[in-house]
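One-letter residues, chain by chain:
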Number of protein chains: 4
Amino acid sequence: MSLPPVLPVPVRVGLIGAGRIGTFHATTLARRLPQAELVIVADPADGAAQRLAAPLGVEATTDPDAVLADERVEAVAITCSSTAHAELVIRAAAAGKAVFCEKPMAMSVEEADAAIAACQEAGVPLQVGFNRRFAADFAAAKRMVDDGAVGTPQLLRSLTRDPDLAHPTAVPAWTIFTQTLIHDFDALNWFNAGATAMEVHAMADALVAPDCRAAGLLDTAVVTIRYDNGALATAEASFSAAYGYDVRAEIFGSAGMVTAGTPAQLPVRHWSSAGVAGPTARADTELFSDAYAAELASFCQAVRNRTPPAVGGHDARAALRIALACIASVQSGAPVRLDDIDEPSGAAA
Amino acid sequence: MSLPPVLPVPVRVGLIGAGRIGTFHATTLARRLPQAELVIVADPADGAAQRLAAPLGVEATTDPDAVLADERVEAVAITCSSTAHAELVIRAAAAGKAVFCEKPMAMSVEEADAAIAACQEAGVPLQVGFNRRFAADFAAAKRMVDDGAVGTPQLLRSLTRDPDLAHPTAVPAWTIFTQTLIHDFDALNWFNAGATAMEVHAMADALVAPDCRAAGLLDTAVVTIRYDNGALATAEASFSAAYGYDVRAEIFGSAGMVTAGTPAQLPVRHWSSAGVAGPTARADTELFSDAYAAELASFCQAVRNRTPPAVGGHDARAALRIALACIASVQSGAPVRLDDIDEPSGAAA
Amino acid sequence: MSLPPVLPVPVRVGLIGAGRIGTFHATTLARRLPQAELVIVADPADGAAQRLAAPLGVEATTDPDAVLADERVEAVAITCSSTAHAELVIRAAAAGKAVFCEKPMAMSVEEADAAIAACQEAGVPLQVGFNRRFAADFAAAKRMVDDGAVGTPQLLRSLTRDPDLAHPTAVPAWTIFTQTLIHDFDALNWFNAGATAMEVHAMADALVAPDCRAAGLLDTAVVTIRYDNGALATAEASFSAAYGYDVRAEIFGSAGMVTAGTPAQLPVRHWSSAGVAGPTARADTELFSDAYAAELASFCQAVRNRTPPAVGGHDARAALRIALACIASVQSGAPVRLDDIDEPSGAAA
Amino acid sequence: MSLPPVLPVPVRVGLIGAGRIGTFHATTLARRLPQAELVIVADPADGAAQRLAAPLGVEATTDPDAVLADERVEAVAITCSSTAHAELVIRAAAAGKAVFCEKPMAMSVEEADAAIAACQEAGVPLQVGFNRRFAADFAAAKRMVDDGAVGTPQLLRSLTRDPDLAHPTAVPAWTIFTQTLIHDFDALNWFNAGATAMEVHAMADALVAPDCRAAGLLDTAVVTIRYDNGALATAEASFSAAYGYDVRAEIFGSAGMVTAGTPAQLPVRHWSSAGVAGPTARADTELFSDAYAAELASFCQAVRNRTPPAVGGHDARAALRIALACIASVQSGAPVRLDDIDEPSGAAA
């Protein structure tokens, strides 16, 4: 990461949700970004906020409302459980705070619309945590595509493979679409700019943890999407990649192809009697450490400079609709037209 | 390519079909493989056989039957138009010749069954031109997968991108499935050994030459396949890759991933003010030159040693059924169960 | 870069020298590292310190002694002109400050010995700015080598190619050895741990800016080194790489090879009719941004935890002796034994 | 390798020397190249020629003179012991045969001059076995360099690492320069076209087999060369690379860099919990199989078309002089000017 531009006055941030990603974001805000000043952390779980806040020297609370009511707080980072995202966006907007919300911003189109409307009405900026857009290689790929490197997109691919499925029984149904592949849906929409997804077909299964299939777990999925500019896209996910964390994109079109991402990013190799070998990335916080910092820096800049965030509520809504279409497709075993997606049963489960 | 093992006596081959790939195979048989001796070339088109045969110093004929009747000929290489493949396989078998048949071996399951039965009854070996299996990188990938490198396959991908769509109006309907992706279907079946394709969904369009859509051309396609071992596969094709010829495979499973293929195979790079650049392969006969020779060498070895060919009629039939299911899927706009594939309308068009 | 460990109390740093690298280090210390608190910046040039300090919100002075006398300052970062390094190390040590000194720490062995002795006597830690050791790929390579990945080192290579020679007339004589290749000499010593350079041969020339040859400029150099464990090493530098900034290492030995570094680190590629292309790194502050931060984080940790710095005065001295031997070799046109290096004429010019 | 152009009439070749490389060349000539017809193989060792010739269906003799006297033979391939090369070139020329001679063509400048003169006087073409020039990646690199991709060459590197030192006691003194690095010297001369080596410095040692040092074995070497266009080059060799066979080149100049070669040429990778891994080339006959065929095809074409061979006696002489300078440099411990190379003691040992 190049050194971020320095803002005249750092943005004072309150964070709600001290889980894995909340902890990472809080540390980035407090320790790594001159653009931000973390002032308070909230988490209802006993001691969670305190454990995170103390070493960072910031305030802790078990009450999210205390963050929203805090007059020092200019912006709220929402990193709690996904099902609470939309409501918190709405309440933060009502409190006049700028909002950074982890993906997914909402679990239904209705929720998404309400969240977007709330921020618009309150006149507060809303950014959603599609971190991939801020990774140096993905950002470079986007610039290439925007500059015409592939001509008209015809075939796109995006994939996410998480390194491990530690607690399969704790994974809510449809997580692979609403939490994991939603990154890929946004990436595909972003690369295929100006086009709209029309039709979706999804195949999914519990191949990593077959015992959890009955409970609704899907840990492996392949999705195909047809866009209104004709482009065909695939998105693919697995919850358990033995070699680590793997996020890649491929945009192919009339004038060529752009590829981004590799799990073997570090240019170091061992050459021995066994051949050539190198290390692979083991976690999102390793591969995307700089991307996570860059998205928060970009958010702070948008807040301070009163410019639109780089990725907003409508992007979250568009990706969500594809995720909901995937759920409908798995349920019906057939392709689903996006026009038919409104509020499918099970989506908010 | 390492030097091929030398056979005691070369296999005497007659070739039927002096088109692009027939010319390449004839030259390989005549000039490059000590295991083979090309004796005669047939093509009904005026002068075609003669133009190919003369510089190779072999006999030419316009009559394919002259090849089948030639007592010198031990093996027939069928490289003519796809729609004539199955019938020629059957007639070559009846003539007691070993058969090498370019893909696709047949245009319908019925044809495929008849061709397989004919070779079995005649006791002649039958090999199908799935050249990818003989490419050094794909062969190495297959050994890795067979040795357990990926554990149980869960997600597979195979793709083919041809460099140019020179004459779109000359491309028969469904070519992308029956001629192009059939390579990928075989590759996926081969890597996911022991598993059977159960369900297929295909999306396809005329994105390269939209004017030919009305005439039935499909030049861009994405296929998803569900196998009976749970594995989900995608196959993807385009008839026009600006950067050349691109064939790749990715096999992901419980223990890891194996990847094979790249259009930038040559290890030479130019580093300049524009960044780093390298060449890409421009044709199948460039990328797979050694694979084409290796498949014919393997065929000759099987003929001479009376061992089963490495890839046979049942492999061709299995790949064909997926191609036919793709056609049905495109026609219906819905996923298709392989069990329902028998003789869909349009398949043999 | 993974998030750095947080220290109980940040190390208060004063920085001397507001040039290019001083500006980068100051910004890193002030804005990026929770382990450090930049309190004051000094530069005798009119307005230089002020221009750097103001946006960072720290104090500025034209008097380096003001930094050394500042009671708040626990550690001094010396980033001024190389010829002043050693004396400032000695004075900072005398003032009881921990010392981080950019390379080269000294321009003569005598100076180096005096600097080392001063820090030892004062009991202050001394770290030298060999940033390469803190780059993720080089650090991984070092761990591999230490774990036996190459067995006994036999052939080593290290190279540095700077992107541009903007002002050749401003480059002091011997800079290529004392400023540029000194990084490579340290890298070679580090990878070939426990071994000592015995003999050095250097060839150098003004190929980028031949007009400056008469003025003593050398912009292109190749050095060979023989170590007492038998290993033979080459170090190579150019002041003008059209494709950007290029730092690589190769360690070959009885059990294999380890390679590190590439100017094409970003995993993004454009595939077009021209072939495949990708971006290259354009500056040390781009390629080594994280390494620069990591070396200062490591320094702060050593200061706070009272542990020895990862790279110290003796490392600087060992690399300097090779640089001085290179100068002697160029002057004599012959190999030089390290034993003969003490204080060659011209070294401190 | 693309299919070679077909000659009207194959060149009839006799081969002298049925050792490792003679066996490889004989098989290529007999079985792989339509341009050549191998007619006779000679080797004085008991049964050696017979063992090679029989399965290839060609004549065998223990008498090299029988090859030279054979009226069918148009061209002689000299693949026997290096010390006999020059004399056989001269005798083959006297017999009016075209000559392909493995490297090194001669062991002294005097020998080289005599061989060149003999071929000139007899009016027969002479090609030397610098196979690297015919490898697809090296040939592409050469075209790039000739097209100005690097501007004026400033820094060059060439290396050879053989996979194993099976019988160190059987290796004649100076082999690393006269047999191994002579490939690199030719590659450097070729890439730095039009320039002449002026000064050479060599460091070498017995690091792989230290017990053989006393007997004169050198198994590890680093050479630096200064050319008259200012370019500085390094050549590096080891007789024992654990990871296989490694040949690479790097040409850096005012406008950029070209790199060629890798021991991990096959695009297949295994991604597992251990990271990413791939195979490496294990032998020259694996990495350069196609290059060996291409150099013989090129030779046959030159013979048949009466065009000058792509690499001739003067190239062999130029590379030899650098090898002899290396020997002198190791003996004296100092750089050696090429002007001083004529007939150093020990060179022909």
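Just so it is clear, the model here is predicted, and its values are computed rather than measured. Position numbers for residues count from 1 along each chain, tracking the sequence in the order it is written. Just so you know, chain letters begin at A and ligand numbers begin at 1, following the order they were written in. Per-residue local features are limited, in this predicted model, to residues with pLDDT of at least 70; the limit for side-chain atom pairs, both in listing and counting, is 80 or more; totals at the level of whole chains, interfaces and linings are taken over all residues. Computation of side-chain values covers all heavy atoms of the structure but excludes hydrogens and water.

Looking now at the interface of chain B and chain A. With 40 residues of chain B at the interface, the matching set in chain A holds 40 residues. Any Lys or Arg side-chain nitrogen found within 4 Å of a carboxyl oxygen on Asp or Glu counts as a salt bridge. The interface formed by chain B and chain A contains eight salt bridges. Among the salt bridges present, the one from B:Arg161 reaches A:Glu250, with a minimum N-O distance of 2.7 Å. Think of a polar contact as two N or O atoms within 3.5 Å of one another; within protein, one of them needs to be a possible hydrogen donor and the other a possible acceptor, and neighboring residues in sequence only count if both atoms come from side chains. Our enumeration of links across chain B and chain A arrives at seven residue pairs in polar contact (both at pLDDT 80 or more). Breaking the side of chain B that touches chain A down by element, the ones donating at least two residues are strand 7 (153–161), strand 8 (197–205), strand 9 (220–227), strand 10 (232–238), strand 11 (246–253) and strand 12 (256–260) of chain B. By definition in these notes, contact holds between two residues if any of their heavy atoms fall within 4.5 Å. Counting from the N terminus, the helices are DSSP H or I runs at least four residues long and the strands are E runs at least two residues long.

Our next topic: the relation of the copies chain B and chain A. In this comparison the copies share one frame, found by least squares on the C-alpha atoms of residues holding pLDDT of at least 70 in both. Of the two same-sequence chains, chain B is brought onto chain A (RMSD 0.0 Å, axial shift 0.0 Å) by a rotation of 180 degrees. Expressed as an axis order, the relation between the two copies is that of a two-fold axis. Relative to the rotation axis, the closest C-alpha in chain B is found at B:Ala334, a distance of 2.9 Å. When the interface residues of chain B are mapped onto chain A, 100% of them again fall at the interface, so both copies present the same face.

Of the two same-sequence chains, chain D is brought onto chain C (RMSD 0.0 Å, axial shift 0.0 Å) by a rotation of 180 degrees. Most of the interface of chain D is mirrored in chain C, where 100% of its interface residues again form contacts.

So, about the domain arrangement of chain A. Residues and elements named next belong to chain A. One can read the domain layout of chain A as domain 1 (11–131 + 290–312) and domain 2 (133–287 + 317–340). A domain assignment, automatic or from a database, supplies the domain bounds used here. Computed from C-alpha atoms alone, the centre-to-centre distance between domain 1 and domain 2 is 25 Å. Facing 23 residues of domain 1, the contacting portion of domain 2 comprises 15 residues. Simply put, the buried area is the total loss of 1.4 Å probe accessible area from both parts when two parts are fitted together. Taking both partners together, domain 1 and domain 2 bury about 1700 Å²; carbon and sulfur atoms supply 62% of that area. Contact with domain 2 buries surface across domain 1, with Lys103, Val109 and Phe130 losing the most and accounting together for 31% of the total. Inspection of the region where domain 1 meets domain 2 yields two salt bridges. Salt-bridge contacts for Asp113 lead to Arg317; the nearest nitrogen and oxygen are separated by 2.5 Å. Between the two partners, domain 1 and domain 2, sit nine residue pairs in polar contact (both at pLDDT 80 or more). Elements with a minimum of two residues in the side of domain 1 that touches domain 2: helix 1 (20–31), helix 5 (109–122) and helix 9 (289–305).

What follows deals with the confidence of the model for chain A. Residue and element names in this part refer to chain A. Confidence along chain A averages 94 in pLDDT terms, with 95% of residues attaining 70 or more. For the stretch residues 344–349, pLDDT sits under 50, and the model shows seven contacts to residues farther than four places along the chain or on other chains. What the predictor reports for the complex is a pTM of 0.95 with an ipTM of 0.94. Residue-level confidence of the predictor, termed pLDDT, takes values from 0 up to 100.

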